[in-house]
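# Close look at the chain arrangement
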2 protein chains.
Amino acid sequence: MSFPEFPGPLFTDLYELTMAAGYFDRQLDDTATFSLFVRSHPKRGYYVAAGLQEVVDALTRFHFSDEEIDWLQQTGRFNRDFLAHLSTLRFTGDVIAMAEGEIFFSDEPVLEVSAPLIQAQIVETYLINTVGVSSLLATKAARCVHAAAGRPVVDFSLRRTQGSHAGMTVARSAYIAGFSATSNVLAGKIWGIPISGTMAHSFVTAFESETEAFEAYANLFPDSAVLLIDTYDTLQGARNAAIVGNSMKKKGKALLGVRLDSGDMVTLSRQVRRILDDAGLSDVKIFASSGFDEYALERLIAGGARIDAFGVGTRMGVSADAPYLDMIYKMVRVGKRDVRKVSEGKITLAGEKQVFRQHADDGGFLGDTIGMRGESLNGTTPLLRPVMEKGRPMGPMPTLEEIRSRFARNFERLDNCHKRLSNPEPYPVRVSDRLAALQERV
Amino acid sequence: MSFPEFPGPLFTDLYELTMAAGYFDRQLDDTATFSLFVRSHPKRGYYVAAGLQEVVDALTRFHFSDEEIDWLQQTGRFNRDFLAHLSTLRFTGDVIAMAEGEIFFSDEPVLEVSAPLIQAQIVETYLINTVGVSSLLATKAARCVHAAAGRPVVDFSLRRTQGSHAGMTVARSAYIAGFSATSNVLAGKIWGIPISGTMAHSFVTAFESETEAFEAYANLFPDSAVLLIDTYDTLQGARNAAIVGNSMKKKGKALLGVRLDSGDMVTLSRQVRRILDDAGLSDVKIFASSGFDEYALERLIAGGARIDAFGVGTRMGVSADAPYLDMIYKMVRVGKRDVRKVSEGKITLAGEKQVFRQHADDGGFLGDTIGMRGESLNGTTPLLRPVMEKGRPMGPMPTLEEIRSRFARNFERLDNCHKRLSNPEPYPVRVSDRLAALQERV
């Protein structure tokens, strides 16, 4: 299991380093706690935590190479003592975090770092970026899984993700959120995610005729052939696929499916279903892909489309309706002082925190309380668990399958009213009395 | 100069490999030409070409490692002969492309690959992804530069880009498009892009008082200090900054600027300007950053904000109003046969192409013609130039500074009516008579 390589400690905003130099100069290197959380998002009723494994890997490996220090020195911005300090820096802090696959809500910390101030500051950019994009995409994918209402959903987004790292992240995040497979071969190799794929229009056009292309493909992949039928004319394509399907039958094989990739999916899927059924091929599945997102899936299913599985691409892969989370990382305590930023209506909760979840007897989520780290609230489950201590991971991280199962369990327990694609009912999140009192004091 | 490492040939959709297996099985490996272009986008009047350097690097290094071949074999999907073929595969094709920094329009090929069909097919996913995200972000950045109307713009997006690759790409693409600097330290190291950054709210809150934080920072960075003044109260922050600015003056130094990061920017910037001017600090610049994009910059300037330079972050870094381009890669010729896909209103132009641009006497862009590769159209400049021949780069690629200059020259020549942020006037793009005639024949 490995991610695209950690780009190293220079993958950071310059101000993290200039601030660190400022702290170093004033010998301000007390332990500080920073809280990572999402402010509200108008289009999201919940978020899916992801990215923790990658963060723990990176923090474990965190150090400046000699070459990096030399380059920083050449910028002329930093003095020798500070650079000497950086050259020996390792991450020695503690991290508590929600496990990947947990569901969280606005203002709830998903992760808190407690480390010497300089370390905790320098990792800011990387933490926001990594947990941010992983959770963004897991959340978007969960919405698609919900909208598909039990039908399999496959990640087809690789070609249009925002770069290669996002392309890997979306495959992993979508799998966590319940996607059945990905088209991304490298994600199959690295993480064992099932891979899926058939043919593009170019394959069909590379042959003299559509039927010839179908036959060539079916002969080569007799157990997994899905034929793309919309290159020329979708209904004729369905008839050609039916001919190939029936000739496979005679050889004791079965055509797995056909794929629609354009046009009016409700009408076409029903017409294609009839063509296949009339040809005695009612086991042949209809796959569809065509710029789908969760809203399209919901509409298609409501409209009576006869689609057995969905390929979901670009709009999911970039979370097109909400392409970023307002994820922030704020200092909440330094030394023995709880701190907060209060300006222009953006309020941050001071102090080291815990998120407590209350469950119904059947496991359903009733509501959360953001409390102080040391509090214990009867009948609730704390969601932030220690994952690193003094810079070391605390035991093995869960496997991807475990994370996926955790999410599936959680998602069942979240009431559907919070999962509505538009105007979801707000999930109840309150602040504990003790944490509220602390805010008054700060 | 190096990009985040090429993730290798398994960074591809599975169907590229299953199609390749199909071609191999039928010995279909004639030279094929694929065309990379963007279908129309309702929110974009032009696109900025970027990503070519990265593509050429990757194609040059393209090969399957033994480990990758072993893994593909273990999937049980591919036969021995095909895998043996893959194991010796290198990219041996030709590439013609627009240089990075060219401006292009919907339907115009930005790149065409001519290579044995299997190679040309397998690289599809990578090409779309890489040229797609680089051009997407360069285009978004160009819009911000245009909206800033001559004021410097700095890339602050790193923390919220969709992953690390996008974080690197946005710094490079934005620099091409005319940004003056980036907060991304690694981009400074890899590409020599000027880096910029000051302090976050956490720096201010780490000190007992705002003034103490300002003094500490100004002492350490006497030549480049920009003080963040909105942690507690922006106007009081401006007064505190003025005190620090005047004490720097006495030491023969000068405060570079203050930064606003929240609130009503028009009102605040004017109030802060007055406080600084009244304190005799009219040389101190006002920087502002606060969830800006090109629309916000245009509004602020029109509203009379007294802002000298902008930090532009998240919305630019994910191209929030248009988070993907509908970039596609279509086979247009295979062997001696020109081909096209025609289905459901999506039409592709068959044949190997060239884009011809007509210039006015003063250099201004008058209009483009998409023609056949071999055509010559009087008084026009062909934009697609050979960059790889038989798998080898043809000479050195331009430097980043050259690319940036090329874009600046081009952008001046594009009429402002096409640069409007909303409802830009369509730029004239026609199809040549010969190319149109070819479509009739196909």
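Calculation rules
- The residue numbers shown here count from 1 along each chain, following its written sequence.
- Numbering of ligands from 1 and lettering of chains from A proceed in the order in which they are written.
- Restriction of local features to residues with pLDDT of at least 70 applies here, the model being predicted, together with a cutoff of 80 or more for giving and counting side-chain atom pairs; totals for whole chains, interfaces and linings are based on all residues.
- With hydrogens and water stripped out, all remaining heavy atoms of the structure feed into the side-chain values.
- Contact between two residues is taken to exist if any of their heavy atoms lie within 4.5 Å; hydrogens are not considered.
- When two components associate, each loses some accessible surface as probed by a 1.4 Å sphere; the sum of these losses over both components is called the buried area.
- We count a salt bridge whenever a side-chain nitrogen from Lys or Arg sits within 4 Å of a carboxyl oxygen from Asp or Glu.
- Polar contact is the term for a pair of N or O atoms within 3.5 Å; when the atoms are in protein, one must be able to donate a hydrogen and the other to accept it, and sequence-neighboring residues count only if both atoms are side-chain atoms.
- By convention a nonpolar core is built from buried Ala, Val, Leu, Ile, Met, Phe, Trp, Tyr and Cys residues, the set being connected through side-chain atoms within 4.5 Å.
- Think of it in three bands: residues with accessible area under 20% of the maximum for their type are buried, residues over 50% are exposed, and the middle band is partly exposed, with areas taken using a 1.4 Å probe on protein chains only.
- Delimitation of the domains relies on an automatic or database domain assignment.
- DSSP bridges decide pairing: two strands pair if at least two such bridges lie between them.
- Comment: elements are numbered from the N terminus, with helices defined as DSSP H or I runs of at least four residues and strands as E runs of at least two.
- Geometry is summarised by axes, namely lines fitted to C-alpha atoms with helices restricted to the contacting stretch, and by angles between N-to-C directions that run from 0 to 180 degrees.
- Oblique is the label for any angle not under 35 degrees, not over 145, and not in the 65 to 115 range, which are roughly parallel, roughly antiparallel and roughly perpendicular in turn.
- Left-handed describes a crossing whose near helix is turned anticlockwise from the far helix by less than a right angle; the clockwise case is right-handed.
- A least-squares fit on C-alpha atoms brings the copies together, and the residues used are those whose pLDDT is at least 70 in both copies.

### A look at the interface of chain B and chain A
- Chain B puts 100 residues into the contact, and the matching count from chain A is 100 residues.
- Carbon and sulfur atoms make up 58% of the surface buried where chain B meets chain A, a total of about 8,300 Å² over both sides.
- Contact with chain A buries area across many residues of chain B, yet Arg-159, Gln-162 and Lys-189 of chain B alone supply 10% of it, more than any other trio.
- Summed over the shared surface of chain B and chain A, the result is 12 salt bridges.
- The partner of Asp-326 of chain A in a salt bridge is Arg-160 of chain B, and the shortest N-O contact between them spans 3.3 Å.
- Our count for the contact surface shared by chain B and chain A stands at 52 residue pairs in polar contact (both at pLDDT 80 or more).

### A look at the nonpolar core
- Formed by 286 residues in total, the largest nonpolar core has its most connected members in Tyr-23, Phe-64 and Leu-72 of chain A together with Tyr-23, Phe-64 and Leu-72 of chain B.
- Not counting chain neighbours up to four residues away, the residues in contact with Phe-64 of chain B comprise Pro-9, Leu-10, Leu-17, Ile-69, Leu-72, Leu-86, Ser-87, Leu-89 and Ile-122 of chain B.

### Section: the domain arrangement of chain A
- Examined at the domain level, chain A breaks down into domain 1 (14–137 + 322–441) and domain 2 (197–308).
- Centre-to-centre separation of domain 1 of chain A and domain 2 of chain A, based on C-alpha positions: 45 Å.

### Points about the sheet that holds strand 11 (residues 309–312) of chain B
Residues and elements named next belong to chain B.
- The 6 strands are arranged 7-6-11-10-9-8 in an open sheet whose pairing can be described as parallel. Every other strand in the sheet has two partners, leaving strand 7 (181–182) and strand 8 (226–228) as the edge strands with one partner each.
- Bridging between strand 8 and strand 9 (residues 257–260) involves 3 bridges; their strand directions are parallel. Pairing of Val-226 across the sheet is with Gly-257, part of strand 9.

### Focus on the packing of helix 11 (residues 234–250) of chain B against helix 12 (residues 265–278) of chain B
All names here are of chain B.
- The contact between helix 11 and helix 12 brings their axes to 9 Å, and the two run at 25°. In terms of axis orientation, helix 11 runs roughly parallel to helix 12. Here helix 11 runs over helix 12; the crossing is right-handed. Here Thr-234, Leu-235, Ala-238, Arg-239 and Ala-242 of helix 11 lie close against helix 12, whose contacting residues are Leu-268, Gln-271, Val-272, Ile-275 and Leu-276.

### Let's talk about the relation of the copies chain B and chain A
- The transformation that overlays chain B on chain A combines an axial shift of 0.0 Å with a rotation of 180°, and the residual RMSD is 0.0 Å. Both copies of the chain, as the preceding transformation shows, are related through a two-fold rotation axis. Minimal C-alpha distance to the rotation axis in chain B is attained by His-165 of chain B, lying at 2.7 Å.
- Taken together, the interface assignments show that 100% of the residues at the interface of chain B recur at the interface of chain A, consistent with an identical surface on both copies.

### Observations concerning the pattern of salt bridges
Residue and element names in this part refer to chain A.
- Under the counting rule described, the total for this entry stands at 43 salt bridges over all chains.
- Asp-321 serves as the salt-bridge partner of Arg-44, at 2.7 Å between the closest nitrogen and oxygen. One end of the pair, Arg-44, is in the loop between strand 1 (31–38) and strand 2 (47–48); the other, Asp-321, is in the loop between helix 14 (314–317) and strand 12 (327–334), and 277 residues separate them in sequence.
- Relative accessible area serves as the criterion here: at 6%, Arg-44 is assigned to the buried category.

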